[in-house]
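Chain by chain, the residues:
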Amino acid sequence: MDRMTTARGDFDLARFPEDPRDPLRAWDAADEYLLRHLDEREGGPVDLSGSLVVLGDRWGALSTALAAQRPVHRPVQISDSFLGQQATRANLERNGLDADAVRLRTTRDAPPDRIDVLLVRVPKSLALLEDQLHRLAPHVHEGTMVVGAGMVTEIHTSTLKLFERVLGPTRTSLAVRKARLIFCSPDPGLPRGADPWPRSYALPAGVGVVSGLTVVDHAGVFSAERLDAGTRLLLGSLPTRTGPEHVVDLGCGNGVVGLAAALSNGEAEVTFIDESYQALASAEATFRANTATNTGADAAARFVAADGLAGFPPGTADLVLNNPPFHTHRGRTDATAWRMFNGSRAALRRGGELWVVGNRHLGYHVKLRRLFGNCEVVASDPKFVVLRAVKR
């Protein structure tokens, strides 16, 4: 946990789940630049007394600092991240603020009817930004103040053009400590067109039971345009299983792996888990689009936003299927994969199996052997490997 110092005060902040070994902070120079602009803008501090929305606040640093302002404004935070929302709750508590000081909404929830100030932490995914600006555009007005923030590596010409195309005239600030601000003046009469998300595509042949089926992707979901090579390898390697069992698609993304498990075993109960609300919406849409007309697809399905398998009933899963991420925002780390592997071992019944696909260079087999005492290579190609570990 670190302390962010601002004109609004000092705030103890941490990512979620909190890990004292994590060298990454819960904020960066872009958050500081935006907060400083709100207080030190030429012409006086920004009036935050109206409807205030914070989009994409990664770990709750912006929302926590804004919630501490007097009088209380209770900003609305819109986030695609379950972990980000949990971090916001924890950061509010550790700074002595009420739990309801920030109104938490997901990217799938309806926005506030009116938005007077819109603060945008620019996401890594341009598609997610496009979708969210389209969703928010009908709720801003000519007097809405729109300010975006990001590191210079996150703000490109395409980012500025997107703001301009969806909301209105846009300009950018000078860079300060490798961070930059975006200023946009909404034009309610702008002909912006329809939101292009969600999108769909057909799976290729040669990927087992899901060959040729339709995938539905909401904006910002991994591999939203085509099937990625790692998932393709995993789909072609999945075991044929029958009978009642509980299958978990862990870090489900658009849900194509869990769909394959459901279609190949109609007696299975499948739980789709992801920390992204966009991913869960994609997984459910993909599942519903393909199980209504396919025989043997009457499996029960649940869609759960969670920190991996934290809180999952121990010893209740028969099969966990996992393509773990190895980055979080701009940081690369194996911490998420390690939590997923530990959670899988706890969640599996004795004799249950964890199947993992990952890049060869990540060396997941070492971690799995250490944790499970065994690890088998099921399939591989020059870049990816599919591994199987059994809980003894």
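Below, the structure is looked at part by part. (Residues numbered from 1 in each chain as written. Predicted model: local features only at pLDDT ≥ 70, side-chain atom pairs only at ≥ 80, totals over all residues. Heavy atoms only, no water.)

Attention now goes to the environment of Asp-47. Of note, Asp-47 is situated in the loop between α1 (29-40) and β3 (52-55). Sequence spacing of Asp-47 and Leu-128 is 81 residues, and the spatial spacing of their C-alpha atoms is 28 Å. A polar contact of 2.7 Å, which involves the side chain of Asp-47, links it to the side chain of Ser-49. (Helix = DSSP H or I, 4+ residues; strand = E, 2+ residues; numbered from the N terminus. Polar contact = N/O pair within 3.5 Å; in protein donor to acceptor, adjacent residues only side chain to side chain.)

The next point concerns the pattern of salt bridges. All chains considered together, the criterion is met by 20 salt bridges. Taking the shortest distance from any N to any O, the salt bridge between Asp-28 and Arg-121 comes out at 2.9 Å. Residue Asp-28 is found in the loop between β2 (9-13) and α1, and its partner Arg-121 is found in strand β6 (residues 115-121); the two are separated by 93 residues along the sequence. Grouping residues by exposure puts Asp-28 and Arg-121 together as buried. Linking Arg-58 and Glu-154 is a salt bridge whose minimum nitrogen-to-oxygen distance equals 3.1 Å. Residue Arg-58 is found in the loop between β3 and α2 (61-67), and its partner Glu-154 is found in the loop between β7 (140-151) and α5 (157-166); the two are separated by 96 residues along the sequence. Pair check on accessibility: Arg-58 and Glu-154 agree, each one buried. (Salt bridge = Lys/Arg side-chain N within 4 Å of Asp/Glu carboxyl O. Buried < 20%, exposed > 50% of the residue type's maximum accessible area, 1.4 Å probe, protein only.)

All right, on to the packing of helix α4 (residues 126-136) against α5 then. Two numbers describe how α4 lies on α5: the axes approach to 10 Å, and their chain directions differ by 15°. Taken together, the axes of α4 and α5 lie roughly parallel to each other. For the pair α4 and α5, the sense of crossing is right-handed. Contacts between α4 and α5 involve Leu-126, Leu-129, Glu-130, Leu-133 and His-134 from the first element and Ser-158, Thr-159, Leu-162, Phe-163, Arg-165 and Val-166 from the second. A per-class count over the contact of α4 with α5 returns six nonpolar, three polar and two charged. (Axes fitted to C-alpha atoms, helices over the stretch in contact; angles between N-to-C directions. Parallel < 35°, antiparallel > 145°, perpendicular 65-115°, else oblique. Left-handed = near helix turned anticlockwise from the far one by under 90°. Contact = heavy atoms within 4.5 Å. Nonpolar A, V, L, I, M, F, W, Y, C, P; charged D, E, K, R; others polar.)

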